[in-house]
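Each chain is listed here by its residues.
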Amino acid sequence: MNIYDYEVEQANGEMLKLDQFKGKVIVVVNTATGCGFTPHYKPLEEMYEKYHEAGLEIIDVPCNQFAGQTPGTDEEIHEFCTLKYNTQFPQMKKADVNGENAIALFTYLKSQKGFEGFGKGVKAIAMSTMLKGIDKDYKNNPDIKWNFTKFVVDREGNVVARFEPTTDMKELAKCVEALI
């Protein structure tokens, strides 16, 4: 199986088949409306506006698995994102990205790019410290660790990168630019 074999339920209940994105660069991100990383929506939208015509697609999957930071309905989440960040990229139905109820797309993405660390800096140290209290073995499993983990898929459908929320958004932009 590859990325194009998957589909994701949109907020309106319709299925989004990823095979329609063949030949495009795709960023898949699990999001939250009440997280310290929620401002990532701004550079994501800027990237979408800049590169969408050149072949970038962003798939936003709201998730409430991390400290309950996405408590709203799909409609409330969409309203928040469009009013606060003017997001135009497709937003999916709120879903789990870890555990037995994780949507198949995230199970696949994690199998392709596991966790490689939070990098360096204050945010990285804070995330590591917090996760040690939640899951002592967090470094050794591919699970999504927090909101705004991003996966990048190239034009051939290969999962080429995983960016943890602590990674500077400029690094994601560089990766996308190189693939566009």
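First things first, this report covers the structure right here in the doc. (Residues numbered from 1 in each chain as written. Predicted model: local features only at pLDDT ≥ 70, side-chain atom pairs only at ≥ 80, totals over all residues. Heavy atoms only, no water.)

1. Section: the environment of Leu18
Here Leu18 lies in the loop between strand 2 (15–17) and strand 3 (25–31). The buried category is assigned to Leu18, whose relative accessible area is 0%. Residues Leu18 and Ala178, 160 residues apart in the sequence, show an inter-C-alpha distance of 21 Å. Among residues more than four places away in sequence, those in contact with Leu18 are Ile3, Tyr4, Tyr6, Glu7, Ile59 and Leu105. (Helix = DSSP H or I, 4+ residues; strand = E, 2+ residues; numbered from the N terminus. Buried < 20%, exposed > 50% of the residue type's maximum accessible area, 1.4 Å probe, protein only. Contact = heavy atoms within 4.5 Å.)

2. Let's talk about the side chain of Thr33
Among the secondary structure elements, Thr33 is positioned in the loop between strand 3 and helix 1 (41–51). We classify Thr33 as buried; its relative accessible area is 18%. When residues no more than four places from it in sequence are discounted, the contact partners of Thr33 are Thr38, Gln69, Thr70, Pro71, Ile77, Phe80 and Cys81.

3. Some details on the pattern of salt bridges
Scanning the model with the defined rule gives seven salt bridges in all. Lys24 serves as the salt-bridge partner of Glu57, at 3.2 Å between the closest nitrogen and oxygen. Linking Glu57 in strand 4 (residues 56–62) with Lys24 in the loop between strand 2 and strand 3, this pair joins segments that are 33 residues apart in sequence. A relative accessible area of 27% places Lys24 in the partly exposed class. (Salt bridge = Lys/Arg side-chain N within 4 Å of Asp/Glu carboxyl O.)

Distances and angles like these do not, on their own, reveal function.
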